[in-house]
Amino acid sequence: KMMPSSLAAAGLLASFAAVGKKTVEYASELNTLSTQVGLSAEALQKWQYVAIQTGISTNDLQKGLVKIGSTLNSLALGEINDTTNALRSLGISSEQASLGMEGNIDTILLSLASMEDKTMQAYYANLLFGDAMAAKLIPLLDKGAEGINEITAEFASFNTLTNEQVASLDEFNNVMNKIKFAFETMRNQLGVALLPLMTSFSDTLNDKIIPAIQKIVDWFTSFSVTTQKTIAVVLAIVA
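Residues numbered from 1 in each chain as written. Predicted model: local features only at pLDDT ≥ 70, side-chain atom pairs only at ≥ 80, totals over all residues. Heavy atoms only, no water.

A.B. asks: So what's going on with the overall build of the chain? Residues and values would help.
C.D. replies: Of regular secondary structure, the chain possesses 11 helices and zero strands. The N-to-C order of helical and strand elements in the chain reads α-α-α-α-α-α-α-α-α-α-α. A compact globule built from 239 residues should have a C-alpha radius of gyration of about 18 Å, whereas the chain, at 32 Å, is more than 25% larger. Seen along its three principal axes, the alpha-carbon backbone of the chain occupies a region of about 95 × 55 × 40 Å. (Helix = DSSP H or I, 4+ residues; strand = E, 2+ residues; numbered from the N terminus. Rg over C-alpha atoms; globule rule 2.2 N^0.38 Å.)

Quick look at the structure:
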């Protein structure tokens, strides 16, 4: 009588486990990516949402942010070239650049989006984000600063993961990886311990079982088709 309820509970539990697994994996990837691009998990989620709304892939976003981060580091060190001059033109000083990606990405994108000269806007975008990313960034920049702010306001209405939650989930993922590795190690140790037994069994197969089966096969194939059918019928009746 309880079977339908038990099956439903088991299915629900499996669904919860799948959701939990996906969440841990997402948080782990998010934490790794945030470290690579120099943004907090919360800020990265915001710009990922903005990117999705304008058709920019996560991979393209990552490449563009890494390039921007490199230019910010160069400007913070006082280097002068076309890309650092582009940042200066957008109002980013050497001191401001030293704040890194977290303190500058909003200003950079909003300043680009506010430019009235579309030729210079495209030129700066190419310098700062690279040609491939800049071409995909144009639809976002065309929305202007007000359009970008509207998208980020939409993002703020969602209950996204906090920095603390991402860190906790990523740490749990590390614990699970440690457990998986421990079980894999024990499995390998057991395999080594079973090697003599497996070797003995394979010897028995090669020396005794396979030759015996081969004899039966040879014996059976030596008969005519009519005799083979008779043997099969007799065996079926006996069975």
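A.B. asks: Would you mind going over helix α8 (residues 131-142) in detail, with residue names and values included?
C.D. replies: Between its first and last C-alpha atoms α8 spans 17 Å; for 12 residues at 1.5 Å apiece the expected length is 16 Å, and the two agree. Every buried residue of α8 is listed here: Met 133, Ala 134, Leu 137, Leu 140 and Leu 141. What you see down the axis of α8 is that its buried residues fit within an arc of 105°, all on one side. Relative to its buried face, α8 has exposed residues pointing more than 90 degrees away, namely Asp 131, Ala 132 and Ala 135. Where the residues of α8 are buried, they touch α2 (41-53), α3 (58-76), α6 (105-113), α7 (118-129) and α9 (144-156). Two residues or fewer past α8, Gly 144 is found with a positive phi of approximately 75°. (Expected span 1.5 Å × (residues − 1). Buried < 20%, exposed > 50% of the residue type's maximum accessible area, 1.4 Å probe, protein only. Arc of directions from axis to C-beta. Contact = heavy atoms within 4.5 Å.)

A.B. asks: Talk me through empty space enclosed by the protein; I want residue IDs and the actual numbers.
C.D. replies: Rolled over the atoms, a probe as big as a water molecule pinpoints where empty space is left. With the rule as written, the count across this model stands at one cavity of 30 Å³ or more. Looking at the largest cavity, its volume works out to about 80 Å³. Lining the largest cavity we find 13 residues, and of these Leu 61, Leu 109, Met 133, Leu 137 and Leu 140 sit closest to its centre. For the lining of the largest cavity, the residue count by class is 12 nonpolar, one polar and no charged. (1 Å grid on protein atoms, 1.4 Å probe; cavity = no way out; pocket = protein on both sides within 12 Å on 5 of 7 lines; lining within 4 Å. Points joined across faces, edges and corners; volume = space filled by probe spheres on them. Nonpolar A, V, L, I, M, F, W, Y, C, P; charged D, E, K, R; others polar.)

A.B. asks: Can you break down the side chain of Ser 74 residue by residue, with the values?
C.D. replies: Relative to the elements of secondary structure, Ser 74 occurs in helix α3. Relative accessible area serves as the criterion here: at 16%, Ser 74 is assigned to the buried category. If we skip the residues at most four places from it in the chain, Ser 74 touches Glu 79 and Thr 84.

A.B. asks: Can you break down the packing of aromatic side chains residue by residue, with the values?
C.D. replies: Taken as a whole and assessed by the stated rule, the structure comprises four aromatic pairs. With a centroid separation of 5.5 Å and an interplanar angle of 65°, the aromatic rings of Tyr 49 and Phe 158 are classed as edge-to-face. Here Tyr 49, found in helix α2, pairs with Phe 158, found in the loop between α9 and α10 (163-221); they are 109 residues apart in sequence, far enough to count as distant. Assessed through its relative accessible area of 43%, Phe 158 is described here as partly exposed. Ring centres of Trp 219 and Phe 223 lie 5.0 Å apart, and the angle between their planes is 90°; this geometry places the pair in the edge-to-face category. For Trp 219, a relative accessible area of 47% puts it in the partly exposed group. What makes Phe 223 partly exposed here is its relative accessible area of 28%. Chaining the aromatic ring pairs together yields one cluster made of Tyr 49, Phe 155 and Phe 158. (Phe/Tyr/Trp six-rings, centres within 6.5 Å; stacked < 30°, edge-to-face > 60°.)

A.B. asks: With reference to specific residues and values, describe the environment of Thr 119.
C.D. replies: Secondary-structure assignment places Thr 119 in helix α7. For Thr 119, a relative accessible area of 62% gives the class exposed. For the pair Thr 119 and Lys 21, spaced 98 residues apart in sequence, the C-alpha separation works out to 46 Å.

A.B. asks: If you had to explain the nonpolar core to someone new, which residues and values would you point to?
C.D. replies: If you look at the biggest cluster of nonpolar residues, it comprises 47 residues, and the most contacted ones within it are Leu 39, Ile 108, Leu 112 and Leu 128. Considering every element that reaches this core, the biggest residue donor is α2, with seven residues. Contacts of Ile 108, omitting those with residues within four sequence positions, involve Ile 68, Leu 72, Leu 87, Leu 90, Ile 92 and Leu 128. (Core = buried A, V, L, I, M, F, W, Y, C linked by side-chain atoms within 4.5 Å.)

A.B. asks: Explain the packing of helix α1 (residues 3-37) against α3 to me, and be specific about the residues and the numbers.
C.D. replies: It is the contact of α1 with α3, at a shortest axis distance of 9 Å, that shows an interaxial angle of 30°. Considered as vectors, α1 and α3 are oriented roughly parallel to each other. In contact with Leu 33, Gln 36 and Val 37 of α1, α3 contributes Thr 58, Gln 62, Leu 65 and Val 66. (Axes fitted to C-alpha atoms, helices over the stretch in contact; angles between N-to-C directions. Parallel < 35°, antiparallel > 145°, perpendicular 65-115°, else oblique.)

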